[in-house]
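Architecture at a glance
So you can see what is in the structure, the chains are spelled out below.
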Amino acid sequence: MADPVSEAAITGAALVRHLDDVRFATLRALRQLLRALDAERIAIGLLSPNGECIHEELVWVSGFGRCGESERVVSCSSFSDELLLWLASREDAVSIGIDARSPAWHDLPCDQLLLVRSRVAERSQPSPVLMAQLRGGVRLQESASHAISILLEEYTTRRASAPGK
């Protein structure tokens, strides 16, 4: 593969599938994707069925930010139009511009918010998503969004089968 994002996502999916510690494997995958995307912050979370919010589960932050489990809930109200169009489409990924004057800037200080969803999501259930906060623009290749979708599917499968869930 020549695309570093696809490579990071496929490697991450293999780690999540085969390592016993799904938390460690997923955080490692997030770290690799953060670097490949040149992102400021990256998280895996659950998008509410109505598209109102994203409840983060795991996060990796560049620099000295806090990484690991997250209970943060991100409101999607300030970019709901773009989100609803994406949810109605068959696209795996959407890139949403976040302007400094946008109400979303306070929670998501970035130039671009990249969302990628799992292909196995059911309409009435929260949908697993990868959320990356980017500085500048990144055009995600279709193979990369598909590879990230595979990572999300592996994470969802392992998370559902983990003891205590």
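Described in the following lines is the structure provided in the data block. (Residues numbered from 1 in each chain as written. Predicted model: local features only at pLDDT ≥ 70, side-chain atom pairs only at ≥ 80, totals over all residues. Heavy atoms only, no water.)

1. Overview of the state of the cysteines
- Within this structure, the stated rule accounts for zero disulfides.
- The thiol sulfur of Cys76 is not disulfide-bonded, and the nearest other cysteine sulfur, from Cys53, lies at 6.6 Å.
- You can see Cys110 has no disulfide; the closest cysteine sulfur is in Cys76, sitting 12 Å from it.
- On the accessibility criterion, Cys110 (0% relative accessible area) is buried. (Disulfide = S-S within 2.5 Å. Buried < 20%, exposed > 50% of the residue type's maximum accessible area, 1.4 Å probe, protein only.)

2. A short note on the packing of helix α1 (residues 4-18) against helix α2 (residues 22-37)
- Relative orientation of the contacting elements α1 and α2 amounts to 175°, with a least axis distance of 8 Å. In terms of orientation, α1 and α2 fall into the roughly antiparallel class. The segment α1 lies against α2, with Pro4, Val5, Ala8, Ala9, Thr11, Gly12, Leu15 and Val16 engaging Val22, Ala25, Thr26, Arg28, Ala29, Gln32, Leu33, Ala36 and Leu37. (Axes fitted to C-alpha atoms, helices over the stretch in contact; angles between N-to-C directions. Helix = DSSP H or I, 4+ residues; strand = E, 2+ residues; numbered from the N terminus. Parallel < 35°, antiparallel > 145°, perpendicular 65-115°, else oblique. Contact = heavy atoms within 4.5 Å.)

3. Considerations on the packing of aromatic side chains
- Within the structure shown, the criterion is met by zero aromatic pairs.
- Of note, Arg117 hangs over the ring of Trp86, and the distance from its end group to the ring centre comes to 4.6 Å. (Phe/Tyr/Trp six-rings, centres within 6.5 Å; stacked < 30°, edge-to-face > 60°. Lys NZ or Arg CZ within 6 Å of the ring centre and 35° of its normal.)

4. Quick look at the pairing of strand β7 (residues 127-134)
- Within β7, eight of the eight residues are buried, which leaves it mostly tucked inside the rest of the structure.
- Because side chains alternate across β7, one face comprises the buried residues Ser127, Val129, Met131 and Gln133, and the other comprises Pro128, Leu130, Ala132 and Leu134, equally buried.
- For strand β1 (residues 39-47) and β7, the ladder comprises eight bridges, and the chain directions are antiparallel. In the strand pairing of β7, Leu46 is matched with Pro128.
- By the bridge criterion, six bridges tie strand β6 (residues 112-117) to β7 in an arrangement that is antiparallel. Opposite Leu113, over in β7, you have Gln133 as the bridge partner. (Pairing = 2+ DSSP bridges.)

5. Some points on helix α3 (residues 80-88)
- If you check which residues of α3 are buried, you get Leu83, Trp86 and Leu87. Each buried residue of α3 sits inside an arc of 100° when the element is viewed along its axis, so together they form one side. Opposite the buried face of α3, by more than 90 degrees, sit the exposed residues Asp81, Leu85 and Ala88.
- For α3, the secondary structure elements touched by its buried residues are β1, β5 (93-97), β6 and β7. (Arc of directions from axis to C-beta.)

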